[in-house]
Amino acid sequence: MKSRYDVIVVGGGPGGAIAARTAAEKGLSVFLAEKRPAIGAPVRCAEGIGKEALAEFIDPDPRWISAELKGAEIVAPDGTSMRLASEQAGSKVGYILDRKFFDRELVWRAAEAGADVAVKTRAVAPVLDGGAVKGAVFEYCGERRRVAADVVIAADGVESKFSRWCGIDTTVPVREIMTSAQYLMTDIDIDPYTTVFLLGNEVAPEGYLWIFPKGERTANVGIGISGKKSGAGHRARDYLDKFVSSRFPGGKTIEHIVGGVSVCRPLSCTVADGLMIIGDAARVVDPLTGGGIYNAMFTGRLAAATAVAAISKGDCSKAALMPYDTAWRKSPMGETIARNWQIKEYLIKLPDEKLNAIIQSAASLNLKEFSTLSLIRELMKRNPKLVVELAALKASLG
Amino acid sequence: MSKSFRVLCADCTRMLQVHREICGYCGCCVSVCPEGALELIDAYLEVGESCTGCGICAKVCPLGALEVTDEVQV
C-alpha cells in the first residue's frame, strides 16, 4: 500500500475487480482493498449469469463454471410449471459460477494489470477536503493508514457504507431488501441443466425460491423474501428449511449462505466530488431477478473509464464524473433496471391465483433471446389482461 | 446470553442484542439501518452508538440473530 494512488477501489467483488483492472490497464495507479481476509469468500450469491453477459467481460473457464444451463423452469404457486428454452437449438443460455474462484480470477487479472491489492484491509473513513473525496483511511490488523487518491470507486456491496460516510444515503427500504438464505446442497435429484424458480406467497412472499444447479446432484437451493414479510418464525431461513425438508429430505448441506439483495431503484445519483459508486453499493441489482454480477461489472468498467478521462483532464469533480451516472442510466442495463423495477412492483402485488393463471398460459416457451424482457413479451401475448395492467410499460416493452 | 453482544441504544431504554451464535455475518441488516449504526467487520457485527433500537435490522435478519429488548440486562 502506497500513500497515494490515482484510483482507490473499495471492495474486491466482481465490480471492484473489473474497475481496478480497467483503470490499471489504462495506465492509472490503482489500489484495490477488500475488507475480508479472502477474495470470493464467504459467497453471498446464487451465482447465476447469462451467457452473453459474461462474455462481455471474460471467456468462460471450467475452473470457475459449476454448471452450463440450457433452460429454466418457473413453478406457479399451484405447482404448474412453465419451461423456458432458447429458440437457438442446443445453445447454452447461462452459467452458474463458482464465485470463490471467479472472484479470485478477476482480482488476479486486476493485479496482473498492475493494481495493488490488499485483503483484510477495511476502509473506515473517506479522506475529505472541502466536501470532496480525496482518498480513504484503511485499517489493517489494527493499524490505520491514510491513502490519497484522485478518485475513489465505492464497490463495497450491499452494505454500501463508504458512500454513506461521504454523506450519501444508501439505506435500502425494508420492503425492498430481499432477505435471503441459501444452502449449497449435494446428493439431491435435480436437472443439472435447468434453473428452477418457485413462486407464491406461501413459498416465498414477494420473492422467489430457487434451485440453481452446480453439478449433477448439487445445487444452490435458496430463497429471497421481502424484508417486509420477514419476522420471527417466518424468516428466509424458515421458508428455506420448510422447502428443503419436503423437497430434498435426503440432501446434504455443505455450505450455509445468507445475505441481503436490494431490489429498490438505484441511488438517485451515483457520483460525488472524487467519488463513484458501482454495483450493489449503487443499488443497481436487477430488481426483478435479483441478479447483480453483470451490473456490477458493467458499472465497474464504466466508472473506471470515466476516472481515466477525468484524471487525464485534471478534474475529478462531481460534474466531471457525471458522465458515468448518465451513461449507465441510458445503457440497456439502466433501462432494464428501470423497466424491471416496475414489473417487479406489479408482480409482487399479484395474488397466487393470478400467478397461477399466467403460468398456466403456456407449458413451455421458446424465447428469441433468453431474457426477462423476452419472457414478459411472450407472457403478454398469451395474457391480454397483462397488456392493460402493464400499460405504463408498453413503450419500453416494445 | 454469554455469546450475545448488547448495546444500549440512543434512547437509553432499548437495547440491540446481537446473538453471535446465530449471526451469519451477511450484512443484510447493515443495508437497511436508517442510522448507519451497523458495520460488518468480517465475522463481527459492530453496533454503533447511533443505534436507536428501532428494530428494522431485527426484522430483516434472515436468521433471527438480532433482538431489541426493553430492559437493561446484566
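Preceding this section is the structure that the text describes.
An account of the accompanying structure is given in this report. (Residues numbered from 1 in each chain as written. Chains lettered and ligands numbered in written order. Predicted model: local features only at pLDDT ≥ 70, side-chain atom pairs only at ≥ 80, totals over all residues. Heavy atoms only, no water.)

### Examining the overall build of chain B
Here is step 1: When helices and strands are tallied, chain B shows two helices and five strands.
Here is step 2: Starting at the N terminus, the α and β elements of chain B follow one another as β-β-α-β-β-α-β.
Here is step 3: Contacts in chain B between residues far apart in sequence, at least 24 positions, make up 52% of those at least 6 positions apart.
Here is step 4: With the model as given, the accessible surface of chain B reaches about 3400 Å², and the carbon-plus-sulfur share is 53%. (Helix = DSSP H or I, 4+ residues; strand = E, 2+ residues; numbered from the N terminus. Contact = heavy atoms within 4.5 Å. Areas by Shrake-Rupley, 256 points an atom, 1.4 Å probe, with all protein chains shown as cover.)

### Focus on the sheet that holds strand β4 (residues 65–69) of chain A
Backbone hydrogen bonds are what pair the strands of a sheet, in a parallel or an antiparallel way.
All names here are of chain A.
Here is step 1: Read from one edge to the other, the open sheet built from three strands follows the order β3-β7-β4, with strand pairing classed as antiparallel. Edge positions in the open sheet fall to β3 (48–50) and β4, since each of these has one partner strand only. With strand direction ignored, the average angle separating the axes of adjacent strands in the sheet is 25 degrees.
Here is step 2: By the bridge criterion, four bridges tie β4 to strand β7 (residues 94–97) in an arrangement that is antiparallel. Bridge pairing in β7 links Ile65 to Leu97. (Pairing = 2+ DSSP bridges. Axes fitted to C-alpha atoms, helices over the stretch in contact; angles between N-to-C directions.)

### Considerations on empty space enclosed by the protein
Residue and element names in this part refer to chain B.
Here is step 1: In this structure the tally under the stated criterion is two cavities of 30 Å³ or more.
Here is step 2: In terms of lining, the largest cavity is formed by 15 residues, of which the most central are Cys23, Gly24, Cys26, Cys29 and Cys61.
Here is step 3: Grouping the amino acids of the lining of the largest cavity by side-chain chemistry returns 13 nonpolar, two polar and no charged.
Here is step 4: Within this model, the second largest cavity holds a volume of roughly 90 Å³.
Here is step 5: Taken together, 13 residues form the lining of the second largest cavity, with Cys33, Cys51, Cys54, Gly55 and Cys57 sitting closest to its centre. (1 Å grid on protein atoms, 1.4 Å probe; cavity = no way out; pocket = protein on both sides within 12 Å on 5 of 7 lines; lining within 4 Å. Points joined across faces, edges and corners; volume = space filled by probe spheres on them. Nonpolar A, V, L, I, M, F, W, Y, C, P; charged D, E, K, R; others polar.)

### Notes on the interface of chain B and chain A
Here is step 1: At the interface, 25 residues of chain B touch 29 residues of chain A.
Here is step 2: Both sides of the chain B and chain A interface together cover about 2100 Å² of buried area, and 55% of this is carbon and sulfur.
Here is step 3: In terms of surface lost to chain A, no three residues of chain B exceed B:Ser31, B:Lys59 and B:Pro62, which account for 25% of the buried area on that side.
Here is step 4: Where chain B touches chain A, the interface holds three salt bridges.
Here is step 5: The residue A:Arg122 makes a salt bridge to B:Glu39 at a minimum N-O spacing of 2.6 Å.
Here is step 6: Elements represented by at least two residues in the side of chain B that touches chain A include exactly α1 (28–32), β3 (38–41) and α2 (56–60) of chain B.
Here is step 7: The residue makeup of the side of chain B that touches chain A, split by class, is 16 nonpolar, five polar and four charged. (Buried area = accessible area lost by both parts, 1.4 Å probe. Salt bridge = Lys/Arg side-chain N within 4 Å of Asp/Glu carboxyl O.)

### Examining the packing of aromatic side chains
All names here are of chain A.
Here is step 1: This structure, assessed with the given rule, holds 11 aromatic pairs over all chains.
Here is step 2: Taking the centre distance of 6.3 Å and the plane angle of 70 degrees together, the rings of Phe162 and Trp165 count as edge-to-face. Taken together, the residues span about one helical turn, with Phe162 and Trp165 both in helix α4 (residues 161–165) at a distance of three residues.
Here is step 3: Residue Phe162 is classed as buried on the basis of its relative accessible area of 0%.
Here is step 4: Looking at Trp165, the relative accessible area reads 27%, which means it is partly exposed.
Here is step 5: Following the ring pairs from residue to residue traces out a cluster consisting of Phe197, Tyr208, Trp210 and Phe212.
Here is step 6: One Lys or Arg, Lys70, reaches over the ring of Tyr193 and ends 4.2 Å from the middle of that ring.
Here is step 7: Of note, Arg265 hangs over the ring of Trp341, and the distance from its end group to the ring centre comes to 3.7 Å. (Phe/Tyr/Trp six-rings, centres within 6.5 Å; stacked < 30°, edge-to-face > 60°. Buried < 20%, exposed > 50% of the residue type's maximum accessible area, 1.4 Å probe, protein only. Lys NZ or Arg CZ within 6 Å of the ring centre and 35° of its normal.)

### A few points about the nonpolar core
Residues and elements named next belong to chain A.
Here is step 1: Grouped together as the largest cluster of nonpolar side chains are 75 residues, with contacts concentrated most on Phe162 and Leu275.
Here is step 2: For this core, the element with the most residues is helix α6 (residues 293–313), which contributes 10 residues.
Here is step 3: Leu275 has contacts with Val133, Val152, Ala154, Phe162, Ser163, Cys166, Ile168, Thr270 and Leu321, leaving out every residue within four places of it along the chain.
Here is step 4: The next biggest cluster of nonpolar side chains, apart from the first, holds 34 residues, and it includes Ile177, Val196, Ile223 and Leu240. (Core = buried A, V, L, I, M, F, W, Y, C linked by side-chain atoms within 4.5 Å.)

### Section: the side chain of A:Thr270
Here is step 1: Inspection of the secondary structure assignment puts A:Thr270 in the loop between β16 (252–262) and β17 (271–272).
Here is step 2: In this structure the side chain of A:Thr270 is engaged in a polar contact, spanning 3.0 Å, whose partner is the side chain of A:Trp328. (Polar contact = N/O pair within 3.5 Å; in protein donor to acceptor, adjacent residues only side chain to side chain.)

### What about the sheet that holds strand β6 (residues 81–86) of chain A?
Residues and elements named next belong to chain A.
Here is step 1: Ordered in space as β16-β12-β15-β14-β13-β5-β6-β19, the eight strands form an open sheet in which the pairing is mixed. Two strands in the sheet have a free side with no partner beyond their single neighbour: β16 and β19 (364–367). On average, each strand axis in the sheet is inclined to that of its neighbour by 20 degrees, with strand direction left out of account.
Here is step 2: Set on the sheet, helix α10 (residues 372–382) makes contact with β5 (71–75), β6 and β19; between it and β19 the angle comes to about 130 degrees.

### A look at the side chain of A:Ser230
Here is step 1: Among the structural elements, A:Ser230 can be located in the loop between β15 (218–226) and α5 (236–247).
Here is step 2: Looking at A:Ser230, the relative accessible area reads 1%, which means it is buried.
Here is step 3: Reaching out from A:Ser230, the side chain makes a polar contact with the backbone oxygen of B:Lys59 at a distance of 2.6 Å.
Here is step 4: Leave out the neighbours within four places in its chain, and A:Ser230 touches A:Thr179, A:Ile225, A:Arg235, B:Lys59, B:Val60 and B:Cys61.

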